[in-house]
Amino acid sequence: MHQSHITPAGHQTRASAPAKLILCGEHAVVYGRPAIALPLNDLRAYAALERGNGNRGLHIAVPDLQGSWQVEAEPEHPLSELVLSTLRRLRAAPTELADYTITITSNIPVAGGLGSGAAVATALVRAVSSHLERPLRADAVSELVYSCEQRYHGTPSGIDNAVIAHEQAIWFERGISDPERSEATDQQMLDMELLHLAELTRSKTPVEPLSIGEPLTLVLGDTGLRSETRLPVGEVRRRWQADPVAYDYLFNAVGSVVRQARVALSSGDITSLGLLLNENQELLEHMGVSSPELETLIEAARSAGAWGAKLSGGGWGGIMLALADDDTSSDIAEALRQAGASQVHTTQVH
Ligand code: PMV
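Given the structure is predicted, the values throughout are model-derived calculations rather than measurements. (Residues numbered from 1 in each chain as written. Predicted model: local features only at pLDDT ≥ 70, side-chain atom pairs only at ≥ 80, totals over all residues. Heavy atoms only, no water.)

**Student:** How should I be thinking about the environment of glycine 268 in this particular structure?
**Tutor:** Of note, glycine 268 is situated in the loop between α8 (244–267) and α9 (270–287). Sequence separation of glycine 268 and serine 211 is 57 residues, and the distance between their C-alpha atoms is 9.6 Å. Among residues more than four places away in sequence, those in contact with glycine 268 are Gly213 and Glu214. (Helix = DSSP H or I, 4+ residues; strand = E, 2+ residues; numbered from the N terminus. Contact = heavy atoms within 4.5 Å.)

**Student:** Please clarify how the site of the ligand should be interpreted in this entry.
**Tutor:** Near the ligand you find 15 residues, and of these Lys20, His27, Ser157, Thr229 and Gly314 are the closest. In this structure, an oxygen atom belonging to the ligand sits 2.9 Å away from a main-chain N or O atom of histidine 27. Between the ligand and the protein, one listed contact pairs an oxygen atom with a backbone N or O atom of glycine 113 at 3.4 Å. The fraction of the free accessible surface of the ligand (380 Å²) that becomes covered by protein chains is 92%. Elements with a minimum of two residues in the shell around the ligand: β2 (12–24) and α4 (159–166). Per-class residue counts for the shell around the ligand are six nonpolar, six polar and three charged. (Near = heavy atom within 4 Å. Polar contact = N/O pair within 3.5 Å; in protein donor to acceptor, adjacent residues only side chain to side chain. Areas by Shrake-Rupley, 256 points an atom, 1.4 Å probe, with all protein chains shown as cover. Nonpolar A, V, L, I, M, F, W, Y, C, P; charged D, E, K, R; others polar.)

**Student:** When you look at the pattern of salt bridges in this model, what are you seeing that I'm missing?
**Tutor:** Side chains that carry opposite charge are capable of pairing whenever their charged atoms lie near each other. Within the structure shown, the criterion is met by 18 salt bridges. Among the salt bridges present, the one from lysine 310 reaches glutamate 26, with a minimum N-O distance of 2.9 Å. Highlighted residues: lysine 310 in strand β10 (residues 308–312) and glutamate 26 in the loop between β2 and β3 (35–51), separated in sequence by 284 residues. With a relative accessible area of 2%, glutamate 26 lands in the buried category. Notably, a salt bridge pairs glutamate 228 with arginine 230, separated by 2.9 Å at the nearest N-O pair. (Salt bridge = Lys/Arg side-chain N within 4 Å of Asp/Glu carboxyl O. Buried < 20%, exposed > 50% of the residue type's maximum accessible area, 1.4 Å probe, protein only.)

**Student:** Looking at this model, I keep getting lost on α8. Mind explaining?
**Tutor:** Every α-helix winds through 3.6 residues per turn, so residues three or four apart in the chain are directed the same way. A rise of 1.5 Å per residue sets the reference length of α8, with its 24 residues, at 34 Å; its end C-alpha atoms lie 35 Å apart and thus fit the reference within 8%. Residues of α8 that are buried include every one of Tyr247, Asp248, Leu250, Phe251, Val254, Gly255, Val257, Val258, Ala261, Ala264 and Leu265, and no others. Considering only its buried residues, α8 is in contact with β2, β3, β7 (170–172), β9 (216–222), α7 (230–242) and α9. (Expected span 1.5 Å × (residues − 1).)

**Student:** Is there a simple way to explain the packing of aromatic side chains in this structure?
**Tutor:** What describes a pair of aromatic rings is the distance from one ring centre to the other and the angle between the planes of the rings. Considering all chains together, one arrives at three aromatic pairs under this definition. Note on tyrosine 247 and phenylalanine 251: the rings are 6.0 Å apart at their centroids and 70 degrees apart in plane angle, and the pair reads as edge-to-face. Here tyrosine 247 and its partner phenylalanine 251 are both found in helix α8, four residues apart, which amounts to about one turn of the helix. For the pair tyrosine 247 and phenylalanine 251, a shared accessibility class is recorded, and that class is buried. Of the aromatic side chains, those joined through ring pairs into one cluster are Tyr31, Trp240, Tyr247 and Phe251. Here the guanidinium or amino end of arginine 262 rests over the ring plane of tryptophan 171, the centre of that ring lying 4.5 Å away. (Phe/Tyr/Trp six-rings, centres within 6.5 Å; stacked < 30°, edge-to-face > 60°. Lys NZ or Arg CZ within 6 Å of the ring centre and 35° of its normal.)

**Student:** Mind showing me how you'd approach the side chain of serine 291 here?
**Tutor:** Within the fold, serine 291 resides in the loop between α9 and α10 (292–303). Those residues in contact with serine 291 that sit more than four places away from it in its chain are Trp316 and Gly317.

**Student:** Help me out: how do you make sense of the packing of helix α3 (residues 138–153) against α4 in this one?
**Tutor:** Angle between the axes and distance between the axes are the two parameters that describe a pair of packed helices. Between α3 and α4, the least distance of the axes is 8 Å, while the angle of their chain directions is 145 degrees. As α3 packs across α4, the resulting crossing turns out to be right-handed. Listed contacts from α4 to Ala138, Asp139, Val141, Ser142, Val145, Tyr146 and Glu149 of α3 are Asp160, Asn161, Ala162, Ala165 and His166. (Axes fitted to C-alpha atoms, helices over the stretch in contact; angles between N-to-C directions. Left-handed = near helix turned anticlockwise from the far one by under 90°.)

None of this, on its own, says anything about what the molecule does.
Below is the structure:
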């Protein structure tokens, strides 16, 4: 529980949660290989729980989407479900909050690979648990948020909820063994994944905190193209089923890159880390999840002096990241704008 982000003030309780960035290992992580994810503390989602709605029942309001609804009147809404499951977990009745509205705001770009949905959900769970003075451990928050993520994305790996709830750089590894995987039918695979996820999210989440030797300066470029994560994930699954040997080879190669990236990250070896990010991008291109727009931005960043650059998240659209330093970050940001990025964001990760 990150008390520093929670400010009980009179009848209002506020909580927040960061955006996330997958540094390396996306897609292969779905098949049990490791991935590294980072929280982006300067992009955040907020939930404010405020009293005094005239006892109209607990409401959720999202002013940015001009939406407001009563939780018990729309229990199927993923955020209603999340609040209700959080209350159940805290052994509290919705009536305890009958006079409250939870207002959600966020400065995280939506559907751009930065985990805005998981950040909103995490802020919501934190606000409710903090208001009821029953703090939840990061693992428990992550588990609640994972259920909400499933409503939006099907069977996500769980990396978004993990990094956001833990709010620190993580090593994430789900671990379903290769023999299990190669002998399974589609349905068995799905059952296995669900079982593993249930086990992992319930007890030992596959999350290890990571140390970062030197602060990282990252420049993020948004292609402006939105692609639902489940689409490239589904395509990779089809291709893996059609050619498991080639795809397992690619996933293993990504796993090896991610292991080396961990060493480079902890020793602050930015040169090696950059080369590894480039290698990861090449493997993602072979997997078929890159796109011309992403590659234009990646090339622009490399030409402007980035140590390395790659797509981040599901691909086909969304964002790319470039590893920069203090001297090059503004040139890279400018090059990304020139190359057509719809948004550019420079951030430091410690
Ligand atoms: O597009 P994002 O940021 O939600 O990231 C998806 C990451 C994948 O590895 C492609 C899928 C997953 O569930 O881990």
